[in-house]
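Report on the structure
Residues per chain are reported as follows:
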Amino acid sequence: MEKMSFRKKRIGWLLIFLTLMLAACGTGKKKTGYAGAGPDAQADLETDVSTEALIEELIPEDAITVGFVQVGHESDWRIASTRSCQEEFSEENGYRLLFLDADNSPAAQVRAVRNFIKDKVDYIVIDPIVTTGWTAVLKEAYHAGIPVFIIDRTVDCSPRYYQAWIGSDFVQEGRCAGQWLQNYLSRRGRANEPVHIVTINGTTGASAQLGRTEGFQEYVERNKNWMLLDEQSGDFTESGGKQVMEAYLKAYGERIDVVVCQNDNEAFGAIEALKEADVSYGRDGELVIISFDATKAGLKAVLDGEIHADFECNPMAAPYVAQAIRSMEQGGVPAGKKQYMEEQCFTCEEAPMTLSVNGKTYEMVTVTEEVIEERAY
């Protein structure tokens, strides 16, 4: 899709006008001075004036308008993602940001995008709550000539209608968690013992929930002694994680060996439920806890031995989007239609562990105070 915003068209028209004006005048010089002053001051001062300088005088520097609709504020990860976008698309960086927190309402997200189209923004950034229901409004943006970037979660829509998707490989994250658990159990001589697992899923239908579930399920099917007792949604929230964990403890009690939480906030809720039920867990306990996101707070729980392993989901997509926008503003294209961000895997264990997952190698990072200090979110 060719992008030509009104902002760029206006600059183009003024360039043509100035070129014709200067040609008609036959000079690129302008006279300055002030009448009525002394003889010396009255002398005309000729200054070279380029077309570019005249444009700077006639056109104020226009900000690039970006409309960004966020999922909500349900987790530390989400808040970090929002903060990253607000900082990247700031006035200081030459942007005007129109922002909406959809508070986990897919309908509110679609309405926001239609309003962005109506407002004729230059670019639209969407972090979709669910994958479905996007085709119609993305077609509207496409035909309005407004490039759309999808970040974090994915959409079930032809890639033709958006510029690029930038985010995490959620399936690979799930695989990493499965491979880590397989290695961990093997180290402890439990490779062939029955292992009972419960999962606290994220928001049902979100691509992060779908991908992490798919990737981890590959290892459940591969290890015949692993038994998935249950999986329920905690909606990526601490309260949801606690509520689901409480239900699991009532239903399965001491049978549970592993809890897989699909984000840190759910893990915090699960930990609270385990503490209240006086259940032994963590590095010095019986029950294994796995989490995703690897936020600063999540890594603190890893350092404290409450979470065994945490798999990063990088929330800093905004700089990648900004780079793509800069490229487009200069007549280029984004680096790729699908762009995965670099991510790491963290553990509370000091013994080194290497994961080989789907042809890619990951070195588990032992969390220290220094690792947390360096964390941006």
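Scope of this entry: the structure provided in the associated data block. (Residues numbered from 1 in each chain as written. Predicted model: local features only at pLDDT ≥ 70, side-chain atom pairs only at ≥ 80, totals over all residues. Heavy atoms only, no water.)

1. Details of a negative patch on the surface
So the rule is basically this: Like-charged residues are merged into a patch within 9 Å and nonpolar side chains (Val, Leu, Ile, Met, Phe, Trp, Tyr) within 5 Å, provided each residue has over 30% relative accessible area and no salt bridge. Accessible surface area values rest on a Shrake-Rupley calculation with a 1.4 Å probe, where residue burial reflects the displayed protein chains alone. Salt bridges are defined by distance alone: a side-chain nitrogen of Lys or Arg within 4 Å of a carboxyl oxygen of Asp or Glu. Here the positive residues are Lys and Arg and the negative ones are Asp and Glu; neither His nor the chain ends is included. Where a charge lies is defined by one atom per residue type, namely NZ (Lys), CZ (Arg), CG (Asp) and CD (Glu). Strands are runs of DSSP state E lasting at least two residues, helices are runs of H or I lasting at least four, and both sets are numbered from the N terminus onward.
A cluster of acidic side chains, namely Glu369, Glu370, Glu373 and Glu374, defines a negative patch on the protein surface. Position of Glu374 among the secondary structure elements: in the segment after helix 13 (369-373).

2. Structural notes on the environment of Glu231
What counts here: For this analysis, residues touch if any pair of their heavy atoms sits within 4.5 Å.
In this structure, Glu231 sits in strand 9 (residues 226-233). Put simply, Glu231 and Thr199 are 32 residues apart on the chain and 4.6 Å apart in space, counted from C-alpha to C-alpha. Not counting residues up to four positions away in its chain, the partners in contact with Glu231 are Thr199, Asn201, Thr213 and Tyr248.

3. What to know about the nonpolar core
Put simply, the rule reads: Take the buried residues of types Ala, Val, Leu, Ile, Met, Phe, Trp, Tyr and Cys, join any two whose side-chain atoms come within 4.5 Å, and each joined set is a nonpolar core. Burial status follows relative accessibility: with a 1.4 Å probe on protein chains alone, a residue under 20% of its type maximum counts as buried, one over 50% as exposed, and anything between as partly exposed.
Formed by 30 residues in total, the largest nonpolar core has its most connected members in Ile200, Met245, Tyr248, Ile256, Val259 and Leu299. Of all elements in the fold, only strand 8 (195-201), helix 9 (238-252), strand 10 (258-261), helix 10 (264-276), helix 11 (296-303) and helix 13 reach the threshold of two or more residues within this core. Dropping the residues within four chain positions of it, Tyr248 is found in contact with Val198, Thr199, Ile200, Asp230, Glu231, Gln232, Gly253 and Ile256. In this structure, Val110, Ile117, Val130 and Val155 belong to the second largest nonpolar core, which totals 28 residues.

4. Some words on unusual backbone geometry
Unlike most non-glycine residues, Asp278 shows phi in positive territory, near 55°. Along the polypeptide, Asp278 turns up in the loop between helix 10 and strand 11 (288-293). What makes Asp278 exposed here is its relative accessible area of 72%. One non-glycine residue with positive phi stands out, namely Asp293, at about 110°.

5. Regarding the pattern of salt bridges
The tally for this structure, following the rule as stated, stands at 17 salt bridges. A salt bridge links Glu312 to Arg375; the shortest N-O distance between them is 2.9 Å. Taken together, the residues span a long stretch of sequence, with Glu312 in strand 12 (residues 309-312) and Arg375 in the segment after helix 13 at a distance of 63 residues. You can call Glu312 buried: its relative accessible area is 7%. Looking at Arg375, the relative accessible area reads 11%, which means it is buried. Through salt bridges with shared partners, a single network forms among Glu74, Arg78, Asp127, Asp152 and Arg153.

6. Brief notes about the packing of aromatic side chains
Note the cut-off: Pairing of aromatic rings covers Phe, Tyr and Trp, the last counted by its six-membered ring, and requires centre-to-centre distances within 6.5 Å; plane angles under 30 degrees mean stacked, over 60 mean edge-to-face, and any other angle means tilted. Two thresholds decide whether a charge sits over a ring: the Lys NZ or Arg CZ must be within 6 Å of the ring centre and within 35 degrees of the ring normal.
Counted under the stated rule, the structure contains 9 aromatic pairs. Centroid distance Trp165 to Tyr340: 5.4 Å. Interplanar angle 80°. Geometry classified as edge-to-face. Of this pair, Trp165 sits in strand 7 (residues 164-167) while Tyr340 sits in strand 13 (residues 338-340), placing them 175 residues apart in sequence. When its relative accessible area of 4% is taken as the criterion, Trp165 is described as buried. What makes Tyr340 partly exposed here is its relative accessible area of 41%. Between the aromatic rings of Phe216 and Trp226, the centroid separation amounts to 6.0 Å while the plane-to-plane angle is 25°, which identifies the pairing as stacked. Here Trp226 lies in strand 9 and Phe216 lies in helix 8 (residues 207-222), a separation of 10 residues in the sequence. With relative accessibility at 5%, the residue Phe216 sits in the buried group. Residue classification places Trp226 among the buried positions, given a relative accessible area of 5%. When the ring centre of Tyr219 is taken as origin, the NZ or CZ atom of Arg222, which lies over that ring, is 4.2 Å away. Looking at Lys337, its charged tip hangs above the ring of Tyr162, at a distance of 5.5 Å from the centre.

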